[in-house]
Every structure is written in C-alpha cells, then in structure tokens.
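Topology and contacts: notes
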Amino acid sequence: MTLPPRLENKFSELLKRYPVKRSALVPMLLYTQDVFGYIGDEMVAEIARRLDLNTLQVTETLVYYSMLRREPAGRCHVQVCTNIACKLRGGEKLWEHAQKRLGVGHKQTSADGVFSLEEVECIGACTGAPAVQVNYDFHENLTPEKLDKILDEFQAGRKPSPAPYIIGSIHERHPAEAPVISRRFGIPNSRKIDVYRKHEGYQALEKALNEMTPESIIEEVKKSNLRGRGGAGFPAGMKWSFVPKDSPKPKYIIANADESEPGTCKDRPLMEFDPHQLIEGMVIAGRSVNSYQGYIYVRGEYRYVLDIMDEAIREAYEHGFLGKNILGSGFNFDLCTHTGAGAYECGEESALMESLEGKRGYPRIRPPFPAVVGLYGCPTVINNVETLSSVPSVILKGAEWYANLGPARNGGTRLFCISGHVNKPGIYELPMGFNLLRMINEVAGGVRGGKKLKAVVPGGSSTPALKAEECDIPMDFDSLAKAGSMLGSGGVVVLDEDTCMVDFARRIMKFYAHESCGWCIPCREGTSWIKKILDRFHAGGGRAEDIPLIDEAAKNMFGRTFCPLGDAAAMPTMAIVKKWRHEFEEHLNGRCPYKPLDVPVGV
Amino acid sequence: MPEQKTVTFTINERKLTVPAGTLVIEAARRTGIEVPAFCYYPGLSLQAACRMCLVEVEKAPKLQTACTLVAADGMVVRTDTPQVHKARKDMLEFLLTNHPLDCPVCDKGGECELQDMTFRYGLDKSRFVEEKLHSPEQAWSPVVYYDAPRCILCFRCVRVCDEGMDVKALGVGQRGVLSVIIPNREDHLECEECGMCIDVCPVGALTSGAYRYKTRPWEMKYVPTVCAHCSNGCKTTLGVRNNEIQRANNRDLSGINKDFLCVKGRYGFDFVHHPDRLKQPLVRRNGTLQIASWEDALAEVAARLKTVRDAHGPDAIGFIGSNRTTNEENYLLGRLARGLVGTNNVDHHRTADYGALVQALGESAGAAQAGMEQLGAAKAILLIGNDPTNQNPLVAWQIRTAIRQNGARLYVVNTEEIKLKRKAAQFVRVASGAEALIAQWLATGEGDLELDTSVEMMQLRGAMEKERDAVIVFGAELRGAAIEHVVKFGASLPGQTRYIALGDYANSRGASDMGLLPDRLPGYVWTSDAAARDAFGKLWGASLPEKTGLDSRQMLAAAARGALKALYVVGANPFRTFGAGGRPAGLDWVVVQEMFLTETSRDADIVLPAACAYEKDGTVTNTAGEVQLLRRGLETMGTRTDFDILRILSHQLSKAGVGRAIPLRTPEAALDEIRRSVRGYGVSLPGLLAGGAERTAPLAPANGHKLIDVPAESIFSPRDTLFTSGTLGRYCTMIHSVPEAKSES
Ligand SMILES: Cc1cc2nc3c(=O)[nH]c(=O)nc-3n(C[C@H](O)[C@H](O)[C@H](O)COP(=O)(O)O)c2cc1C
Ligand code: SF4
Ligand code: SF4
Ligand code: SF4
Ligand code: FES
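Thresholds applied
Residues numbered from 1 in each chain as written. Chains lettered and ligands numbered in written order. Predicted model: local features only at pLDDT ≥ 70, side-chain atom pairs only at ≥ 80, totals over all residues. Heavy atoms only, no water. Pairing = 2+ DSSP bridges. Helix = DSSP H or I, 4+ residues; strand = E, 2+ residues; numbered from the N terminus. Contact = heavy atoms within 4.5 Å. Axes fitted to C-alpha atoms, helices over the stretch in contact; angles between N-to-C directions. Near = heavy atom within 4 Å. Polar contact = N/O pair within 3.5 Å; in protein donor to acceptor, adjacent residues only side chain to side chain. Areas by Shrake-Rupley, 256 points an atom, 1.4 Å probe, with all protein chains shown as cover. Nonpolar A, V, L, I, M, F, W, Y, C, P; charged D, E, K, R; others polar. Domains from an automatic or database assignment. Buried area = accessible area lost by both parts, 1.4 Å probe. Expected span 1.5 Å × (residues − 1). Buried < 20%, exposed > 50% of the residue type's maximum accessible area, 1.4 Å probe, protein only. Arc of directions from axis to C-beta. Salt bridge = Lys/Arg side-chain N within 4 Å of Asp/Glu carboxyl O.

**Looking at the sheet that holds strand 3 (residues 115–120) of chain A**
Residues and elements named next belong to chain A. Spatially, 2-3-1-4-5 is the arrangement adopted by the 5 strands of the open sheet, whose pairing is mixed. The open sheet is flanked by strand 2 (108–109) and strand 5 (137–139), the only strands paired with a single partner. Bridging between strand 1 (residues 76–81) and strand 4 (residues 132–134) involves 3 bridges; their strand directions are antiparallel. Of the residues in strand 4, the one forming a bridge with V78 is V134. Helix-sheet contacts for helix 6 (residues 91–102) involve strand 1, strand 3 and strand 4, and the interaxial angle to strand 3 is about 160 degrees.

**Considerations on the site of ligand 1**
All names here are of chain A. Looking at ligand 1, there are 20 residues lining it, with G230, N256, N383, N384 and T387 nearest. G347 has a polar backbone atom sitting 3.3 Å from a nitrogen atom of ligand 1. Protein chains bury 90% of the 600 Å² of accessible surface belonging to ligand 1 in isolation. The leading source of residues in the shell around ligand 1 is strand 9 (residues 380–384), at 3 residues. Taken together, the residues that form the shell around ligand 1 break down as 4 nonpolar, 9 polar and 7 charged.

**Examining the domain arrangement of chain A**
Residues and elements named next belong to chain A. What the domain assignment reports for chain A is domain 1 (5–62), domain 2 (76–155), domain 3 (193–403), domain 4 (413–496) and domain 5 (501–589). For domain 3 versus domain 5, the distance between C-alpha centres works out to 35 Å. With both sides pooled, the region where domain 3 packs onto domain 5 buries about 910 Å², and carbon together with sulfur makes up 74% of that total. Across the side of domain 3 that touches domain 5, the residue classes tally to 6 nonpolar, 2 polar and 5 charged.

**Some words on helix 7 (residues 144–155) of chain A**
Residues and elements named next belong to chain A. Taking 1.5 Å per residue, 12 residues should reach 16 Å; helix 7 reaches 16 Å between its end C-alpha atoms and fits that length. For helix 7, the complete set of buried residues consists of L147, I150, L151 and F154. Summarising the axial view, the buried residues of helix 7 lie within an arc of 95 degrees, below the 170-degree limit, and thus occupy one face. In helix 7, the exposed positions that point more than 90 degrees away from the buried face belong to E145 and K149. Lining the buried residues of helix 7 we find strand 1, helix 6, strand 3, strand 4 and strand 5. Positive phi appears at G157, one or two residues downstream of helix 7, with a value of about 85 degrees.

**Side note on the pattern of salt bridges**
All names here are of chain A. As enumerated under the stated definition, the model contains 100 salt bridges over all chains in all. Between K359 and E357 there is a salt bridge whose closest N-O contact spans 3.0 Å. Looking at E357, the relative accessible area reads 10%, which means it is buried. One network of salt bridges, with partners in common, ties together K87, E92, D503, R506, K531 and D535.

Printed below as a string of structure tokens:
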C-alpha cells in the first residue's frame, strides 16, 4: 500500500527506534490517525504486515488506547476535561455548554463533520483549568464564552492559537520558592540548547563523565535523598543500584512522561521549558548503570511536548551530548521519544513497558522488578521526568546541597501543581517539607472568594484527601504517610467549603473505572461497581446501606489488586467515606445539598 | 544427574518439601489443599489476574497470589484463615456483579467453576443492585459461541489459543469493565476450530455449537474412549443421552492428550448418527443391493467363500482390513484369513512403515519408541516429512508443549513450509521426494543433496549432534531402508534417541501390529519364520501358509486379471484408495463390512452393516505404539461389531468345513490371547482398565529380511487435514459446517 510520504517517512523513522519492530505499533497507529482521522481496516492490515503481526494483535492493541479510533471523528476533535481540577473550576459546565453549542454528545460528530466531542479524563492542564484540547492544541482557563470564541474560529476554518504554554507555570516567583529544576522556566528560548548551556546546561554531564565513576554517580544520588517523583517516592539511587552490573543484556533508561494522575501537570512544563535538563539527567542515569539506550514515554495528548523533546534530542545529538563517544568519554547513549495513546495505566511502570513493546498496557507480574527484568526482558531503570530532571542539579551542586534543601530522607525540592479553589493556581517549586497550609494561603493566594477550606488532595487524585484541620503539615513523603495519605505526584487539589464530597468521590471513581485496564477482577469490577453506586447515590437514589457498601467495596479492593491502580481508586474513596460520612447521610433525603460555584474565578 | 534442589516450607501448619521453583498453588493442590483459581491453568503462562488464590504469607504485608508465589525455604503460608476466606468471598462478589446468573439455562450449569466456587466460598445474597452490562451472544463459528456477559476474563482461552495452539485467534477488546474476548476476524473466527478455548473456559462464556442447549451435564452418561479419527489416540469422553452422542470433550484432562483435542476429536462424532448409516445387511440380487437378514447374509458369505476356495484355492481370496477397527478385530480378521481360509493375501491401507521401524530398532524397539508423553518431554525433536498440525494434531501439540515447557529445540525437514516451521530452531526445505535421500545423507554422509540443502543439513546435523535427548519423528515419506538410515543416524547421536513413525488413522498402527500384512503375522514375525508359524498355528488350530501373500494393490491387479476371485473387505475403501477404476472386472465376488455405502461397498455383493468405534469395546494402538481401551458408548440398532461379524462367520465357515471356528467370544478374550501371543503386546490389563495408555514393546527379528525401499504406492499417507478424515470424514457434518473445512476441500 502506498502511503502519504509524511506517514511513510514517519513509519520508517519509527521503525529505526526500537530493537523490536512491534514497539512501533502504538506510535504508528496514532500517526496514522493524525493523517486519516481514524484507523481503518486497511491500515490495520498494512501496519500488521509491516510489523509481522496478525491483524488481531493490532486490533487488540488499538482498542485498548482511548485516543485511538476506528471510526472517523470531526475535523476538530473537541476534548473537554471534567476531571477533578477542571471540575472544581467549571469543567462540567463547560462540557454541558459544549454539548449544547455543538448539538452533539460524547463521542459524537456534528452533521457537517467539523466537530466531534468527547468528555475526557485529566489532560494535564490542571493549573490552567478548566481546559479543553482541540486535536492536539490545549486551550486553558476557559469560560463558556471563551470556548464559544474558539469554536467560532474553528467553524470559520481558522485555527485559534492555543495556550502558549501550560498556564500556571510562569508566574511571579513567590519568595518561598526554591527554583532548582524550574529555574530556567520563563527564560526566553529556554528549550534551546544554547540557552540551556548558558545556564549551567550539560555541566553536570561533563562532571559525571569526566570526574565520576558509575558507582560514584549512584552514591551521590543515593546521598542526595532524591526520591521518586512519580508517586511512590522510592529512593532513586537505590533503584539504580539494583541494576545487575554484570548482566550481559542491554540496559534501558526510561523517563516516565505519561503524567496522567489527575491534578498533576509538572512533567509537562519540565519538558516544554527545559527538555535538555531531562536529556542530561537521562544520560547521567544511563552512565550510572552502563545503559546505552533511553526512551521517553510521553503521554499521547502531549504531542507538542513530544515535538519539543524530539527537537531537543536532535540538538543534543548535534552537539555531541547524545550518540557515540559523548564528550570524548567513550560513553555512548542513544535516546528517543515514544508516544502513548491515551491510557493512565500506562504510567504504571510495567504496563508502560508492555505499551512500549507495542502491546495492551497490562501490568506485569512482579517480582521480577524492572531493574532486573524490564523493557524487552532487560534490566531497566524507569523514573519520573521530575526525578530525572533533578539529577543534573544533584550532580552539579552536590548531594549534600540537594539533600539539605529538604528535611531528613526527603531531599530537594518539588514542583507542586496547586489547582482547584485557590486564587493563584500554579506550578510552584518549593522545598520538600513545605507546610501545606502556607502553600495554599501564601503561595497560591488563599482559597478563592474568601471561602473556607474544606479539603485538600495532597498529591494527585489517588492520595487520600486531608480535612482542613489536617493541613498544617509538612509536605514530604514521610509526614504525609504518617497522616494516612501520600505525597504522591505533587498534584495539590484544593477544595472549598461548597464542594460536595460525594460528587467529588464520584468523579474520582469515574476516572479509575475508565482507566482500569481490566486485567484483575477486583479493580475491573470494583471501580465500575462503586462508580455506579456513587452515580446513583449522588443523583438522589442513595440508600443508607450504600454508605457502608461503598466503603466495604473499596476496602475489598484495597491491597488485593494486581497493580496499585486498584489501591489508587480505593484509598481516596475510603478516606472520603470515613472523613465526610455526614455528607453522604445528607444526601439520603434525595438531594445534593451543596451548591458549588464551579466556575473560573480570579482569571 | 545432579541432585534436584528442594525447599521446605509450611502450609497450614504442615511442612512440605518440594522441588525448588514449585508454585505454592501447585504444592498445595498436590497435598490436597484446595486453593481456588480461575486464571491459573497448569501449563499456561501465569496471570495473577483473578485474585481468587490469595493466601496469607507470614511477614508479607498483603495477601499473596498462590499462583505466582514460588515456595521458599522457611516460608509460612496459610490458606484457611478468616482473612483468606473473606478475600475469596469478596472476589466472588465482585465477579458476580456483572455475571448474568442465568445458570438454569447456561450450558455450563452443573460443571461451572464459578458456580462451584460460589457454592463453596461465596455469599448467599447479592448486594449489587445496579444494572448489569448486557450484550447478545455471538456465533464466532458454527462450533464456537461467545457470551460476553458470562465471561470472567480469566484469559485462559486467549492463552490456550496462543501458547497451546499457536493459532493466536483470540484477543482482548476494549479495556476495564468493558473488556471482552474478541475473535481474529472482527465478528467471527478463522482458526483451527479445535474448541480448546471452550474446554478451558471455566464458565459458560465459550460454548460449543455442537452442544448448546441440547442437554444438561447431569443427564448424560460419560463414556471415556479413544477418538475415532487420526492415529494419535486422544482420549475423548462421549456425553451420551438417549443413545445419542451429545458431545465429546476431554475436560477431565485424562489420557495421553491431557488438555488437548482437535476439531475431529471434539466434533467429529456425528457420523454415528448420520442418516446414511447402514443398518441392515444388503445382498445383491438381480443386480441391486437388497435388504437381507443377518442370518441369510452371513450364511451366504460363508457359502460363497467356501465355493471360491474349493474351486480356486485359498489364494483366490483376498482380505483387506481396516485402519480403524480394533486390534481384536484385526487379529480376528488375520486369523480368519490365515487360519481358516488359509491365505496370506492379507493387507490394509498402510500409512506408515511401522514394520520397518520395529525391525530397524531390533532389540531396543520397546525402549526406543517414544510415547506421546516422552515426545512432550523431549529436549530436541527432529521432524522429517509430514505436517503434524494437520495430520497428527496431538503430535503437533506435544511438540509445541516440549518447546514451550522444556525449551526443546525443533528441527524440521520438509518439502512445504508447514505451520510448525514457526516453532522450529531450524527449518530445512527440501525438494519434493527428497526425504529418503536426506535420511541416507544423515546416516552415511552420502547422497547428492543440492548445495543449499547440504549446507543447511550440515548445520542441522551439527546441532543434532549436540542434543542429548532427542525424538525423531517422521511421516510416510520415509519407508523401509530410509527408516533404517534414520535409525542409524539416531544411534550415532550422543544421547538417547527415540522415534515415532506417523501413520494416519485411529488404528493404523494396530492393523500393522496385528499382522494385516501379506508377509507378517501378528507382532511382525515373518510368515517365512517356521517357528512363529507353528506357534500361531498351534494356537489357532491350523497350519498357516508360508508364501508371502498379495498386498492390496496386487490383490486388485490380480482381480483385474481374474486371478483373484473374491475380496473380503473390512472397514476400508480400497476401490477408491488404490484404484481409480472401481471394482476390478475379474472379481467374482466382494463382501464388505461397512458403515456406509462407499465406492467399495456400493459395488459389493454383500454389505454387512458394522458398528463404529464409539459402539464397541476393544483396544486400539496409536501411532506411537500405545494401546488404549475403547469403550462402547451407544449402539445403532441393526449393526454388529466387526468382531461379532468375524466371529460368527468363523463358526459358519467351520460348520461348512472351512477351518476351525474362532472360540474367542468377546474382545476381552481376544485381547487376552493377543497379550499372550503377540510380541510386545504383553501390556498391563489393569493399566488399560484404569484408562492408561500402555506402551507396547515390539521386537521383530530380521529373519534374513533386509529392509528395502518400499515404493510409495504401498505405503502412503492420504494427507488428511484437520477437517478431513478419509471416508469416515465425509459423514462428519459438524466438521463440514466450519468455513475452514470448506476451504480445504
Ligand atoms: C496506575 C499508576 C499510574 C502511574 N502513572 C505514573 C505517571 O503517569 N508518571 C509517573 O512518573 N509515574 C507513574 N506511576 C508510577 C510508576 O509506576 C513508577 O513508580 C514511576 O515511574 C517510577 O519513577 P520514580 O521512582 O521516579 O517516581 C504510576 C503508577 C501507577 C500504579
Ligand atoms: S489493579 Fe488490576 S485491573 Fe486495575 S489497573 Fe491494575 S491490573 Fe488493571
Ligand atoms: S477453536 Fe481452537 S484455534 Fe479456534 S479460537 Fe478456539 S482455541 Fe483457538
Ligand atoms: S471466554 Fe472463558 S476462558 Fe475466555 S476469558 Fe472469558 S471466562 Fe475466561
Ligand atoms: S489463580 Fe492466582 S490470580 Fe488467578
């Protein structure tokens, strides 16, 4: 079959990236869809042929990913996020408005074929909420009126300019901030290699290659108390040290840029403003475990970020920071990006590797852990973008300096994405252990409209919400664990007194039910069951026995699922039932008593 | 052998010592401790998806899945704590939230693992009041149906089709709670239609088109017997109700085939009830076949045989036996031909040269024949000729099992790119008909191979020479001396080498073993061997002819010349198999024991309606030399077993003065005589009765007979496919209903 040249070129370029052809599958499908608007049977067969797969293997993979379509959509595919951060700022109203305005519903296309509409899960624009994606363009901080204007433009055949960058990432620095990994945000052309180099760029790599051994790099990272920023907070240096040194197999470094935990949008600016920082961190990580190939797994929705990364990688090759014999050290390291196609579960490290191998994103049985058996069965280090982006600073400024930025066992700084009912939503780099109340009241400008604080989700939707009175707490892994929650991914979602916690729990569960991969029974059935109960409950059909039922169903999932997604769904639910049980009871008379504002404020 | 490492751990306060690497679920089950599981299926890859097998492990913060937990020294496991019981209950509650609970109308009701587990561990009351997901049942093929709401997504079907069958026709669609199993062609299957996916399905999500809504499991009687089709001898359990076979499967995983059955074993039983079945004897009168009574028909057969023998001598009569009748029946036929009539004109359609293999192996023949189990456990397999996927499905399954479970290496020499090539460590494609040359080259290094082939063969031989435990499997392409060559090559390998010759039909091997051959008595002793002749003669009360008889082709040729006057056929279709010309003109008289009017029986003078394999007791021997018991599952009124026909006939003949009647009254009695008198058949009766496959240990002294190249006209494979089965296959309606069968013929 002859393909349009740009697709043909993309395919042949993609096929060069992987030692195993099948890895190219998901990107090939997504790029096919970009060209044709959908993936037809002919292309399924063609891709199968090119990858030596049968068509079922292609179909099976295709239908797993929520961005991939087998039917055409509109020329402008309007994706409205209604997940928590957007919801709290009017996302659901925007969604209703969009349906009315376009006269179509979820996954429907307008008669003229111009628009199709989809209600989507968190797109990583939480500090710019409410947000909409039209095709790959982000439009943020929207109101129904602003959305109308944007749609008018599209209707007229024009392309309105998207948000220039993620809203909330560039702002006046608060004095309490400690910019380390975000220190180059806002510098003009910060993503260009020259600018990066002018601002200490690639100096850490030079140091690592010329002055350090792989062992001493790992030692330094260990000493820095740098803990994983993807959610679990596992010490990065320790993880690297698990890679078997004498294994004859190739070793891989993966940057997890799947960023999909609702409330989290920090990897996006880290890559869009400072792609070289991530590259530098990955090369150093590669050196430490003697790996010569890295992949950056970027969620499919972040296409422009992926393009930025690709360009930065090109520059880095050009300047000899990637490729053969880097800086004359004899060390070789290749790096490329890989696009996902819509699946939260693919952020889970083992599911990510399955996905990167071109399969459905099912998690793997552990042990063995990725450090020993990872991508293509080889030892693999996988870290979050923020974790890897912190590495150059650790190396350049020293472990001690870095560790001392935070409290014991919690080195460095964190990018906190503060969203929801605050006056100044934004991404702020603060030292580990920074007080949560201060974060809300001082850094993010306080609860909007002078309302009272009701609850805070401290680290992405899976972390148990804290009651207002629990918020006087240092934001570090250990303190939050002690408080029965987690520091998680850095997504701080603030809820004011008008928020309905039943509705909030419902929206959280809707997300996990949508994103459950379906592999294991408790998560697959539990998330969907609890969602159905919460739907009914919030809509006025609640029964007294539903309250313990919701709690028990969540408890019955907890700790028994195949991967932590089940826990991620159960934990916030259990916490809300426990801490806000009275709100459930208030719903029993058939009506939700809360009147949330749910509109953008302070924009 | 290095001592196997073991570990000792505790389960429910019991100390167990097991080989290192044993999964806790296996260790528990072997000690009789029940650990419920849906996704775990021995032999398939691990999933840990259903979470039914959660157990408590001391010092572990969470419950662990016993299906992935490897027993370790000092580990303390508990499967019977309140926490574990609750977890099981909760898991079932989750599972039942979307399960339709239509058990009363579900085919699986009564033998459903979900039903059983709910009964044993589940709640009695549902807390689920929301709407369940609905979707209609789908017909993926005439024999495979899928009901998505019942599916519990254990992925057993997907794995068995991929890992077991290497077909990869099933996958998973959608995700999360919407996940479903999907077939490879959007809304239907294009596959081998083996139905393995149905057998492994723990619930009623995959059901058999042959059986759907026909009956309930408890209304059938179950008859374990052996599949009537190919030579591999899979055990199949017939579900019989009202004298009708409702289904055939192997859900209890017994027999040499364990999990496996192919489309023929599972669906190829309906020939039994085919409307064309002959149910009354037919005798040709005034040029047409007319209904006759059994008494008249048999009396006429005896009278005519006597007449021909008296007029033209015994060698004017020929006997062509069957590839599908039992050992006892074959033994009786040989005894009748040689002992009563007095001729060595005895043969059958030979589909493998078993005699040559037995003779080439000499003293070691017993040990050097691989059984199906040994094939599945082999470390290396050399396959020359044949296409096991189509012709010998269990052999193909065992080869895949060896590769999958022991990392065995497969070497294939074939003229076609057969499907097993995908699994081969090395595949050498050779010119059509070159297999014997390859055998010679392997044994002697001599023979003109094409340059490419010889380079590849050199590599193959090099690889084989490093193998310690090999099975050499070959098809009818190798005969006579070529087999001797292969055995010589095998003997030159450093480790142990075993062999399987691949024949084609359910008792091809037994027909050979029982001496339905013009030059061999039962157990491959040559008719020229006076001592052997005497021994059988004494047993049979006759003096046996020495001179080599005519083979099938020669009989037909002699008949055409008028030298052979009468032909006695049992369960064979020689006019089609050996000749294009139909009934030879010079043949005075033909009698056929048959189930159907075939190209042969329709031209016969007398047709005796025979019972089929599922309607008789007896034994059959598979291509690997393993004897198994057939059990009668039902009867078709009006038919008689070939055994009874031959037995009664012997009495009639004897009454007419032709030889001594055969005194063996039952197949058991005949088996007893076989076990005592046929070399290699001293198999264990208790073993057989227990449903085992008993290995024969044949031994065929050369007695001065050199193995020579046998022409392909004498020994050849009909090359049946998964969807054909010789003449019998034409009456398997269900098999014809699948689209793949159509594209075959
Ligand atoms: C359901 C689920 C989704 C996840 N999504 C992400 C993600 O989007 N990005 C990420 O970095 N880690 C994610 N993780 C965590 C990863 O599995 C893994 O722990 C992390 O990438 C390790 O990097 P770190 O040690 O640097 O945090 C997720 C985990 C789970 C269970
Ligand atoms: S908990 Fe189970 S179903 Fe849920 S995402 Fe993980 S593996 Fe999939
Ligand atoms: S019938 Fe056999 S080949 Fe077909 S899908 Fe089922 S397991 Fe696979
Ligand atoms: S169809 Fe049966 S075997 Fe296949 S996943 Fe569903 S329940 Fe399991
Ligand atoms: S049997 Fe262990 S999880 Fe299914």
